[in-house]
Amino acid sequence: MDAKAAAQERLNSIRQSILDLSHKIHANPEIANEEVQAAAWISEALAEAGFKVENSYCGLATAFSARIGRGPLHVAICAEYDALPGIGHACGHNIIAASAVGAGIAAARVADEVGLTISVLGTPAEELGNAGGKILLLEGGGFAGVHAAMMIHPAPFDTATPKIIAASMFEVRYTGKEAHASAYPERGINAADALTIAQTAIGLLRQHILPTDRIHGITTSGGDAPNIVPAYAAARYIVRGQTLEELERLRPRVYRCFQAGALATGSTLEIIGGDKPYSEMIHDSDIAALYRRNAELLGRSFVDQDAASSRAAASTDMGNVSRCVPSIHPMISINSLPAVNHQREFTARCVTESADKAVFDGALAMAWTAIDLAMGSGMRNRLLSTGTAKP
Ligand SMILES: [Zn+2]
Ligand SMILES: [Zn+2]
C-alpha cells in the first residue's frame, strides 16, 4: 500500500472519534485563553494515538505540543480551538482542531517511512487580534525546528490562498470625573463624550484611508446611569491594513482620533495592547498548490478569491507563523451560505454533514500534503535548506 493510501486508511479508522471531538468542542465553546477543556480533549486524543504531548507549551496554559515521528522534515499542523464571546463556535475552530488531529494521526501512520516528524501544535486565542497564541509560541521558540506549517479554516468557499491582511487590536480607556448630570454638570468630565468625539473623528478619517484599510470597534463601557456624568468609558478597536507596514501607517492616525477625544473633554486616555499585531499571510505557493491538488482529488472545487468576494479579508496569527516558516492557511467550504463567519447561523453550520466532511477532507488533504512535502525531493530539499523557524 502506498503512503497516501495508508494515511487514508488510518484516518478512516478514526473517523467517528475525530467527528465526536469536533462536536464536543462545538458544544462547549471556550473563549480565548480559557480553552481548558478543548486543549485537554485534543491533546488526550493525540497522546492516545502515540504522540508525545507537552501541555502548557511555552508557558501558555491552553497551548500544547504533540509530536511523533523521527523523520528529517518537520511539519507542524496548527490546531485552533477558541470560540467567540456570546455566539459560540461561529468561526468553526472546532473543525480546525478536529482536522488537525485527524491530519496528525493520519500522517503519523507513515511518518517514519516517508521521513516526517509531525507536530500538532495547540495554538490558543486566535480570535484576540493581538498577541494571539501563535505569536506567543513563536516568541517562546515553540516553532523551532519546524520546516513547514499548515492548518485549514472553515469558510463559505474553498480557497487555497485566501486574502489575509494585517491586524492590530487594542483597548481604549478614558477616565473623566463623575458629577450629577443636571445639578452639577460643570463639575463633571465626560469620558463617554471623549469616545463620541473619537468615533466621529474616525468616521471622518475613513475618507482618507486606503480602500483596503479597516477600522472597526465596539464600546465596552459608556457610563452607568443617565444622571451620572460618565467618569469612565472604554472601547475595543481593530485596525487592519494589507500589510504590517500599511497597518503601522494607519494605526497612529487612528490613535490621534482617540487623543482628540481626550483633548476636547479633558479626560485622560490610555491605550492598551496593539503591541503584537497579526501579520498579513505570506502563502507558500508550492505548498498551497499541493494542498489544492490533494483537496481536488477528494472532490472539492476551489473558487477564485475574487469570485468568492473581492472584499473578504480576514486576519490571523498564522500570518506571523508564515513570516518564519513556509506556511499555508487554506479556507475549506462548509457550504454555509447565506451564513458567513462570526454569525450565529454559521455556528449552527459548524456541526452539519458538510462541516464533518470538511473535517475529514481537510485532515486528509493536509496529511497527503505533508507526505508530498516529504516525498517530493525538490520540495523536501527546498524546505530543509531554507532552515527552520528560529526561536
Ligand atoms: Zn474568527
Ligand atoms: Zn477563525
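Please refer to the structure placed before this passage.
In short, a report on the structure.

The next point concerns the overall build of the protein chain. Of the regular secondary structure elements, the protein chain holds 14 helices and 12 strands. Whereas a compact globule of 391 residues would reach a radius of gyration of roughly 21 Å, the protein chain reaches 23 Å, a difference of no more than 12%. Seen along its three principal axes, the alpha-carbon backbone of the protein chain occupies a region of about 85 × 40 × 35 Å. Burial status across the protein chain gives 54% buried among its 391 residues. Across the protein chain, contacts joining residues at least 24 apart in sequence account for 80% of those joining residues at least 6 apart. Total accessible area computed for the protein chain in this model is approximately 16000 Å², and 51% of it derives from carbon and sulfur atoms.

Another point: the packing of helix H2 (residues 15–27) against helix H13 (residues 353–375). Close contact between H2 and H13 brings their axes to 10 Å; oriented N to C, the two are set at 120°. Classified by the angle between their axes, H2 and H13 sit oblique to one another. Classified by chirality, the crossing of H13 by H2 is right-handed. For the pair H2 and H13, contact is made by Arg15, Ile18, Leu19, Ser22 and His23 and by Asp356, Val359 and Phe360, respectively. Broken down by class, the residue content of the contact of H2 with H13 amounts to 4 nonpolar, 2 polar and 2 charged.

A few words now on the sheet that holds strand S5 (residues 148–150). Taken in spatial order, the 6 strands of this open sheet run S1-S2-S4-S3-S5-S11, and their pairing is mixed. This sheet does not close on itself; its edge strands, each paired only once, are strand S1 (52–55) and strand S11 (327–328). Bridge count between strand S3 (residues 73–79) and strand S4 (residues 116–122): 7 bridges; the pairing is parallel. Note on S4: the bridge partner recorded for cysteine 78 is leucine 121. Against the sheet, helix H4 (residues 93–108) engages strand S2 (64–68), S3 and S4, with an angle of about 155° to S3.

Grouped together as the largest cluster of nonpolar side chains are 71 residues, with contacts concentrated most on Ile42, Leu46, Phe51, Leu116, Ile118, Tyr291 and Leu373. The dominant element in this core, judged by the number of residues it contributes, is H13, at 14 residues. Once residues within four sequence positions are removed from consideration, leucine 373 is found in contact with Leu73, Val75, Ala148, Met150, Ile287, Leu290, Met379, Arg380 and Leu383. Formed by 24 residues, the second largest nonpolar core is a distinct cluster that contains Ala166, Phe170, Val254 and Tyr255.

Turning next to the coordination of the zinc ion (ligand 1). On the protein side, the zinc ion (ligand 1) has Cys91 (SG), Glu127 (OE), Glu127 (OE) and His342 (NE2) as donor atoms, found 2.0 to 2.8 Å from it. For the zinc ion (ligand 1), the 4 donor atoms in the first shell make angles of 51 to 151° at the metal, so the coordination geometry reads as irregular. Mapped onto the sequence, the donors of the zinc ion (ligand 1) take the spacing C-x35-E-x214-H. Between the two metal centres, the zinc ion (ligand 1) and the zinc ion (ligand 2), the spacing is 3.0 Å, with cysteine 91 acting as a shared donor. With cysteine 91 in the loop between S3 and H4 and glutamate 127 in the loop between S4 and helix H6 (133–139), the pair connects residues that are 36 residues apart, well separated along the chain. By relative accessible area, cysteine 91 is classed as buried at 9%.

Within the secondary structure layout, arginine 214 lies in strand S8 (residues 214–221). At 7.7 Å, aspartate 213 is the nearest oppositely charged side chain to arginine 214, a buried residue that forms no salt bridge. Setting aside residues up to four positions removed in sequence, arginine 214 forms contacts with Ile165, Ile238, Val239, Arg240, Leu250, Arg311 and Ala313.

Within the open sheet, the 4 strands sit side by side as S8-S9-S7-S10. Their pairing is antiparallel. Each edge of the sheet is formed by a strand with only one pairing partner; in this case those strands are S8 and strand S10 (268–273). Sheet twist, expressed as the mean angle between neighbouring strand axes with direction ignored, is 20°. Judged from the 10 bridges that link them, strand S7 (residues 166–175) and strand S9 (residues 232–241) form a sheet pairing that is antiparallel. Bridged to serine 168 within S9 is valine 239.

Geometry sets the ideal angles at a metal, namely 109.5 degrees for four tetrahedral donors and 90 or 180 degrees for six octahedral donors. Taken together, Cys91 (SG), His93 (NE2) and His153 (NE2) make up the protein donors of the zinc ion (ligand 2), found 2.1 to 2.4 Å from the metal. All donor residues of the zinc ion (ligand 2) come from one chain, and their arrangement in sequence is C-x1-H-x59-H. What makes histidine 93 buried here is its relative accessible area of 0%.

The next point concerns the packing of H13 against helix H14 (residues 377–386). Look at H13 against H14: their axes get within 5 Å of each other, and the N-to-C directions meet at 85°. Our classification of the angle between H13 and H14 gives roughly perpendicular. Each of Leu373, Ala374 and Met375 in H13 lies in contact with H14, whose residues at this interface are Ser377, Met379, Arg380 and Leu383. A breakdown of the residues in the contact of H13 with H14 according to their chemical character gives 5 nonpolar, 1 polar and 1 charged.

The rules we used
Per chain, residues are indexed from 1 in the order of the written sequence. Ligands are numbered from 1 and chains lettered from A, in the order in which they are written. Thresholds applied to this predicted model are a pLDDT of at least 70 for local features of residues and 80 or more for the giving and counting of side-chain atom pairs; totals over whole chains, interfaces and linings are not thresholded and use all residues. The side-chain figures draw on all heavy atoms in the structure; neither hydrogens nor water molecules are used. Runs of H or I in DSSP of at least four residues are treated as helices and runs of E of at least two as strands, each being numbered from the N terminus. This radius of gyration counts C-alpha atoms alone. The globule rule is 2.2 Å times how many residues there are, raised to the power 0.38. Between buried and exposed lies partly exposed: a residue is buried under 20% and exposed over 50% of the maximum accessible area for its type, with that area taken using a 1.4 Å probe on protein chains only. By the convention used here, residues are in contact when the closest approach between their heavy atoms is within 4.5 Å. Every accessible area reported is derived by Shrake-Rupley at a probe size of 1.4 Å, with residue values counting cover from the shown protein chains alone. To obtain each axis, a line is fitted to C-alpha atoms, and for helices this fit is confined to the stretch in contact; angles are then taken between N-to-C directions over 0 to 180 degrees. Should an angle fall under 35 degrees it is called roughly parallel, over 145 degrees roughly antiparallel, and 65 to 115 degrees roughly perpendicular, with every other angle called oblique. By definition, any crossing whose near helix is turned counterclockwise from its far helix by less than a right angle is left-handed, and any crossing with a clockwise turn is right-handed. By the convention adopted, Pro, Cys, Tyr, Trp, Phe, Met, Ile, Leu, Val and Ala count as nonpolar, Lys, Arg, Asp and Glu as charged, and the other residues, Gly among them, as polar. For two strands to be treated as a pair, DSSP must find at least two bridges joining them. Each nonpolar core is a collection of buried residues, namely Ala, Val, Leu, Ile, Met, Phe, Trp, Tyr and Cys, held together in the definition by side-chain atoms within 4.5 Å. Excluding water, the donors of a metal are its N, O and S neighbours within 2.8 Å, or within 3.2 Å for Na, K and Ca, and that exclusion means sites may look incomplete. Tetrahedral means four donors with every angle between 85 and 135 degrees, whereas square planar (four donors) and octahedral (six donors) require angles over 155 degrees between opposite donors and between 65 and 115 for all others; sites fitting neither are termed irregular. Working convention for charge: Lys and Arg count positive, Asp and Glu count negative, and His plus the chain ends are omitted. Salt bridge, as applied in this entry: a Lys or Arg side-chain nitrogen positioned within 4 Å of an Asp or Glu carboxyl oxygen.

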